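Observations on the model geometry
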Amino acid sequence: MQYGYSQFNGDNIRDLQNKNTQLIKSGTFVNHASFDSKLNGYKTQNSMFSNLHLQDQVIYQHYGFASVPLAGARNLVLGLSGQNTNNVIVATHDDRYLPNVLQPGEVSLHDYQGQSIELKQNQTININGEQTVVINIAGGNQIIITQGQVHITGNVTIDGAVQVKGDVKSDGDVTASGISLKNHTHTSGKEGAPTSAPQ
């Protein structure tokens, strides 16, 4: 392929320089991101290049993960085809809320309130909630943990011994080895003798 001088003149070189500059740049969220039903995604107002504010900047996110970055978070912006009028945000970062105690290989899914799910090096999974941890199954609340209280909706099967420190209360009957606590009977003891075991 032959190239003429006009393809290497100053205007073309400046155009290539501008496209290179616009290709990847850093930015800062001016406001909190919000969902746009027309775009079917999250967008924000973004500040780049000496406080140039660009509206409706789309945030591209990984499949299976969604976040709504706060104002002040930083980001990397990809200018498609090297154009500053066709930008998408491809990465976000907010060191204000970044966990700083992770060990090599550990992973944390976290928010700005300190709530997190942590995959620890010692093969422990930590779930940290500020108020309540709710586990939903089929659209319904199945397990709710709130500051020392655990509420479970549904039947519970425990395959092993159970030790309780404190009182045990039941609104219904309790059955042990097939014998009902409410409806069992005893053979009457005579002359003050103990009764028989429950039947």
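I will try to describe carefully the structure that is included in this document. Just so we're clear, the structure is a prediction, and the values are computed from it rather than from any experiment.

Re the pattern of salt bridges
Counting across every chain of the model gives six salt bridges. Measuring nitrogen to oxygen at the nearest pair gives 2.7 Å for the salt bridge that ties Arg96 to Asp94. The buried category is assigned to Asp94, whose relative accessible area is 16%. Between Lys120 and Glu106 there is a salt bridge, with its nearest N and O atoms 3.3 Å apart. Residue Lys120 is located in the loop between strand S8 (116–119) and strand S9 (125–128), and its partner Glu106 is located in the loop between strand S6 (87–93) and strand S7 (107–110); the two are separated by 14 residues in the primary sequence. The class for Lys120 is partly exposed, based on a relative accessible area of 22%. Looking at Glu106, the relative accessible area reads 13%, which means it is buried.

Description of the sheet that holds strand S11 (residues 140–146)
If you trace the three strands from one edge of the open sheet to the other, you get S10-S11-S12, paired in antiparallel fashion. Looking at which strands have only one partner, the edges of the open sheet turn out to be strand S10 (132–137) and strand S12 (149–152). Each strand of the sheet is rotated relative to its neighbour by a mean of 15 degrees, with strand direction disregarded. Sheet topology note: the S10/S11 ladder contains six bridges and is antiparallel. Directly across from Asn136, in S11, lies its bridge partner Asn141.

Concerning the environment of Ala91
Position of Ala91 relative to the elements: it lies in strand S6. Ala91 sits in the partly exposed class, given a relative accessible area of 31%. Once the C-alpha coordinates of Ala91 and Asn75 are considered, the two residues, 16 residues apart in sequence, prove to be 5.4 Å apart. Aside from chain neighbours lying at most four places away, what touches Ala91 is Arg74, Asn75 and Leu76.

Describing the environment of Glu118
Positionally, Glu118 belongs in strand S8. Here the alpha-carbon distance between Glu118 and Leu102, two residues 16 residues apart in the chain, equals 8.9 Å. Ignoring sequence-local partners within four residues, the contact set of Glu118 consists of Val107, Ser108, Thr124, Ile125, Asn126 and Asn128.

Some words on the sheet that holds S9
Overall, antiparallel pairing links the three strands, which are arranged S7-S8-S9 in an open sheet. Only two strands of the sheet have a single neighbouring strand rather than two, namely S7 and S9. With direction set aside, neighbouring strand axes in the sheet form an average angle of 10 degrees. Direction of pairing for S8 relative to S9: antiparallel, over a ladder of four bridges. Within S9, the residue paired with Ser116 across the bridge is Asn128.

What counts, and at which threshold
- Each chain has its residues counted from 1, running along the sequence as written.
- In keeping with the model being predicted, local features are shown solely for residues with a pLDDT of at least 70 and side-chain atom pairs are shown and tallied solely at 80 or more, while totals for entire chains, interfaces and linings include all residues.
- The basis for every side-chain value is the complete set of heavy atoms in the structure, and neither hydrogens nor water enter the calculation.
- Any Lys or Arg side-chain nitrogen located within 4 Å of an Asp or Glu carboxyl oxygen qualifies as a salt bridge.
- A 1.4 Å probe rolled over the protein chains alone gives each residue an accessible area, and that area as a share of the maximum for its type sets the label: buried under 20%, exposed over 50%, partly exposed in between.
- By the criteria applied, helices consist of DSSP H or I runs no shorter than four residues and strands consist of E runs no shorter than two, each listed in order from the N terminus.
- Think of it this way: DSSP has to see at least two bridges between two strands before they count as a pair.
- Each axis is a line fitted through C-alpha atoms, and for a helix only the stretch in contact is used; angles between axes span 0 to 180 degrees, taken between their N-to-C directions.
- In this description, contact between two residues means that some pair of their heavy atoms is separated by no more than 4.5 Å.

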